Amino acid sequence: MTPEKANAMTTARIKRFSSVDRLYHLFLMLTFLIQSATGFSRLFFTTSWGKQLGNVFGGYDTSLTIHKWVGVFMMIGFVIHTIHLLTRVQWRNFPQSVFGPDSLVPNFKDAQNLWQRLRWFFGLGSPPKFDRWTYWEKFDYWAVYWGLPLLAVTGLMIMYPMVTSRLLPGWALNIAVLLHRAEAVLATSYIFIIHFFIGHLRPTSFPMNEAMFAGSIPLDEALEERPDWVARLSQEGPLELVNSKPPAPWYRVVYFVFGYAALACGVYLLINGIIHSGAVRLH
Amino acid sequence: MLDLVINHRSYLMMRTPYQRTVNIWATIALLLQVLITPNFAVAQEEVASALRRYKDREVSTGYYEEYEALPGRQRSPISVPSFSSSLRRGVLPLSRTAARVRIRTRLVDSHQGIKFYSVLRCEYCHVEQTKDIHTVRANLTCRQCHGREPISGIQFAFSPMNPIRRHAYVCAKCHEGASVSFATYVVHEPAAGSLTAKMDFPILYYSYWFIFLLLVGTLAFFIPHTFLVGVRELIGKVKKPKRDNERHDEGDDEQEDIELSDKPDDRRDDDRDDKQDDDIKRDDPGKG
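Conventions adopted
Residues numbered from 1 in each chain as written. Chains lettered and ligands numbered in written order. Predicted model: local features only at pLDDT ≥ 70, side-chain atom pairs only at ≥ 80, totals over all residues. Helix = DSSP H or I, 4+ residues; strand = E, 2+ residues; numbered from the N terminus. Buried ≥ 20, exposed ≤ 12 C-beta atoms within 10 Å, placed from the backbone. Contact = placed C-beta atoms within 7 Å. Expected span 1.5 Å × (residues − 1). Arc of directions from axis to C-beta. pLDDT = per-residue confidence, 0-100. Core = buried A, V, L, I, M, F, W, Y, C linked by C-beta atoms within 7 Å. Domains from an automatic or database assignment. Axes fitted to C-alpha atoms, helices over the stretch in contact; angles between N-to-C directions. Parallel < 35°, antiparallel > 145°, perpendicular 65-115°, else oblique. Left-handed = near helix turned anticlockwise from the far one by under 90°.

J.: Give a detailed account of the overall build of chain B, specifying residues and quantitative values.
T.: A count of helical and extended segments in chain B gives 13 helices and zero strands. In chain B, the order of α-helices and β-strands from amino to carboxyl end is α-α-α-α-α-α-α-α-α-α-α-α-α. By the burial criterion, 17% of the 288 residues in chain B qualify as buried. Contacts in chain B between residues at least 24 apart in sequence constitute 52% of all its contacts with a sequence separation of at least 6.

J.: Quick rundown of unusual backbone geometry? Include the residues and the values.
T.: Across the chain, the bulk of peptide bonds are trans and the bulk of non-glycine residues have phi less than zero. Geometrically, the link from Phe206 of chain A to Pro207 of chain A is a cis peptide bond, its omega value of 0° lying close to zero. Residue placement: Pro207 of chain A occurs in the loop between helix 9 (172-201) and helix 10 (211-214). Here the residue pair Glu149 of chain B and Pro150 of chain B is connected by a cis peptide bond, since its omega of -5° sits within 30 degrees of zero. Along the chain, Pro150 of chain B falls in the loop between helix 7 (142-146) and helix 8 (166-169). Even without a glycine there, the phi angle at Phe116 of chain B is positive, about 55°.

J.: Talk me through helix 6 (residues 108-121) of chain A; I want residue IDs and the actual numbers.
T.: All names here are of chain A. Across its 14 residues, helix 6 extends 20 Å between first and last C-alpha, which sits within 8% of the 20 Å expected from 1.5 Å per residue. What helix 6 keeps buried is the set Asp110, Asn113 and Arg117. The arc that holds the buried residues of helix 6, viewed along the axis, is 60°, so those residues lie on one side. Opposite the buried face of helix 6, by more than 90 degrees, sit the exposed residues Phe108, Ala111, Gln112 and Trp115. Contacts made by the buried residues of helix 6 are with helix 7 (135-159). Gly123 sits one or two residues past helix 6 and shows a positive phi near 70°.

J.: Pulling in residues and values, what's your account of the confidence of the model for chain A?
T.: Considering every residue of chain A, the mean pLDDT works out to 90; 95% of them sit at 70 or more. Element-level pLDDT for chain A is lowest in helix 1 (residues 3-11) of chain A, with a mean of 48, against a maximum mean of 96 in helix 2 (residues 19-43) of chain A.

J.: Break down the confidence of the model for chain B for me, citing the residues and quoting the values.
T.: Residue and element names in this part refer to chain B. For chain B, the mean per-residue pLDDT works out to 70, and 54% of the residues sit at or above 70. Confidence, expressed as mean pLDDT per element, reaches its minimum in chain B at helix 12 (residues 252-274) with 42 and its maximum at helix 10 (residues 202-238) with 92. Counting contacts from residues 60-77, a segment whose pLDDT is below 50, to residues more than four positions away or on other chains yields 23 contacts. Throughout residues 242-288 the model reports pLDDT below 50, and contacts reaching past four residues in sequence, or to other chains, amount to 47 contacts. The complex prediction reports pTM at 0.73, with the ipTM value standing at 0.90.

J.: Residues and numbers for the nonpolar core, please.
T.: Counting 50 residues, the largest nonpolar core has Leu178 of chain A together with Leu204 of chain B as the members making the most contacts within it. Listed by contribution, the elements that provide at least two residues to this core are helix 2, helix 7 and helix 9 of chain A together with helix 8 and helix 10 of chain B. Counting residues per element, this core draws most heavily on helix 9 of chain A, which supplies 16 residues. There are two domains that each give this core at least three residues, and those are domain 2 (71-189) and domain 3 (193-238) of chain B. Each residue touching Leu204 of chain B, except ones within four places of it in the same chain, is listed here: Asn174, Ile175 and Leu178 of chain A together with Glu189, Ala192 and Ala197 of chain B. One finds Leu219, Ala222, Val230 and Ala231 of chain A within the second-largest nonpolar core, a separate group that totals 13 residues.

J.: Residue-level account of the packing of helix 4 (residues 59-88) of chain A against helix 7 of chain A, with values.
T.: Residue and element names in this part refer to chain A. Relative orientation of the contacting elements helix 4 and helix 7 amounts to 135°, with a least axis distance of 10 Å. Comparing their axes, helix 7 and helix 4 come out oblique. The two elements helix 4 and helix 7 cross, and the hand of that crossing is left-handed. Residues Lys68, Gly71, Met74, Met75 and Phe78 of helix 4 form the contact with helix 7, whose own contacting residues are Leu148, Pro149, Ala152, Gly155 and Met159.

J.: Describe in detail the environment of Glu123 of chain B, supporting the description with residues and values.
T.: Looking at the secondary structure, you find Glu123 of chain B in helix 5 (residues 122-125). Spatially, the C-alpha atom of Glu123 of chain B lies 8.9 Å from that of Cys142 of chain B, the residues being 19 residues apart in sequence.

J.: An account of helix 7 of chain A is requested, with residue identities and associated values reported.
T.: Over its 25 residues, helix 7 of chain A runs 35 Å from end to end, which matches the ideal 36 Å to within 8%, given 1.5 Å per residue. Packing partners of the buried residues in helix 7 of chain A comprise helix 4, helix 8 (161-167) and helix 9 of chain A.

J.: With reference to specific residues and values, describe the packing of helix 2 of chain A against helix 4 of chain A.
T.: Residues and elements named next belong to chain A. The interhelical angle for the contact between helix 2 and helix 4, taken along N-to-C directions, is 150°, at an axis separation of 9 Å. Our classification of the angle between helix 2 and helix 4 gives roughly antiparallel. In terms of crossing hand, the pair formed by helix 2 and helix 4 is left-handed. Of helix 4, the residues touching helix 2 (which contributes Tyr24, Phe27, Thr31, Ile34, Gln35, Thr38, Gly39, Ser41 and Arg42) are Tyr60, Ser63, Leu64, Ile66, His67, Val70, Gly71, Phe73, Met74, Gly77 and His81.

J.: Let's hear about the environment of Met157 of chain A: which residues, and what values?
T.: Of note, Met157 of chain A is situated in helix 7. In this structure Met157 of chain A touches Thr164, Ala172, Leu173 and Ala176 of chain A, once residues within four positions along its chain are discounted.

Encoded structure:
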């Protein structure tokens, strides 16, 4: 890396996430990790590791109480996020704003990008030029967006079985238990394997993709992977308008420590979950 | 006239030996019936008086709705899958008569005639039934729900496990307020992905395969995908200087893009000169 480039990296940056978006992500990180740990302690409670993990949260019963409360917080967060989302839609030019490049709604270009990227993996073409959101980022977002309500609904069903059995037949609880567990396994394995790899181990983001904490990314990073976004921004107006400050050094230290702590928690749960996977069934 | 009535009464009060034998035989028959009628199931005694039971409350409508068996009212609109009454075991379905004999759901003692029954443990035969949440997590023993000997078949009229009273006699011991609908929770559920589940509990079966294929499909796509991203980007990093040249020299697609982005860049350069921001300019791919 030339000194010029290093200089450019520290100065020219494009804003990518608002502070509210980052707050949502932080909230989701904390709640998701607590839910994973308490949930895993219940799931693996027949193993000695599961018992140890449960003891961290005060035992088998207390970890369930924590799981329920944090789950309720997540539901509240989801509702707030959805309301906030609806207020952020530009209703004046409705269909274009939702299916446009600044939206997370998947469109045909994502399918094209995916196909082009699969070809690029095997050296059959150039890498795709992404816009603001890549297809895997959109997948990440929508995976949480439908996974969380599923976990919430099935979780509420198990939390209030008497009320549930008034509205639905009692055997719906069998289905709820199955779906809650399987969706939780899907969510944790996706986050702890794929999301963590993309965020930390991927060569372009190693040692850590700071976008979600710093809020902005260096211009050269954006040009590398998202040239269409930069081109669109520069067509809309001078790039200085979207230029944002680099994160303060102390703040970088904080989020590096925090991010790696979260990573360690997740990897710890993942590895132990795999080791003890023989003791549990998906159903 | 009066005499006749009195005579008639005294005639009625007199009992012939024949009538006495009828009474004796009727008494014996009643006693026999009491002896051979199976015992009533042991109920959960949550009422204050075993004799009066709910009598002082029964006038209040709906107060005990969760405790009373009200099959018509409490059943939810969606019907229950025929799990327990399934006549199919193994490959071929049994006839109704054969099922009644082979499946012991209607017997007073469902373990009738089993050799050495008294020395066997439940889990010796019912292996799969010891793996559910109630047994593994709540640490319940079989007897805590199924009761003492004889363990009646669940369709037996007086069985506590009979669906008409299971919610009150069994479930409500722990789950306060269990209703008929609640009692349709399948405690000993079949393995969700199995063919047994497909026949006995199809919704569980299809939910399982839906979520399982979603799980496997997501991971099967994204793990190789992410791995390939890592490998490909690593190659790109190693060959970084060469790739920078490639961006400008070769590839028709690249050329088009540079042309496109050149136009706004010219405009931007003018703006930027005033604002003395040279870093962005230097980094621009269009500059060559």
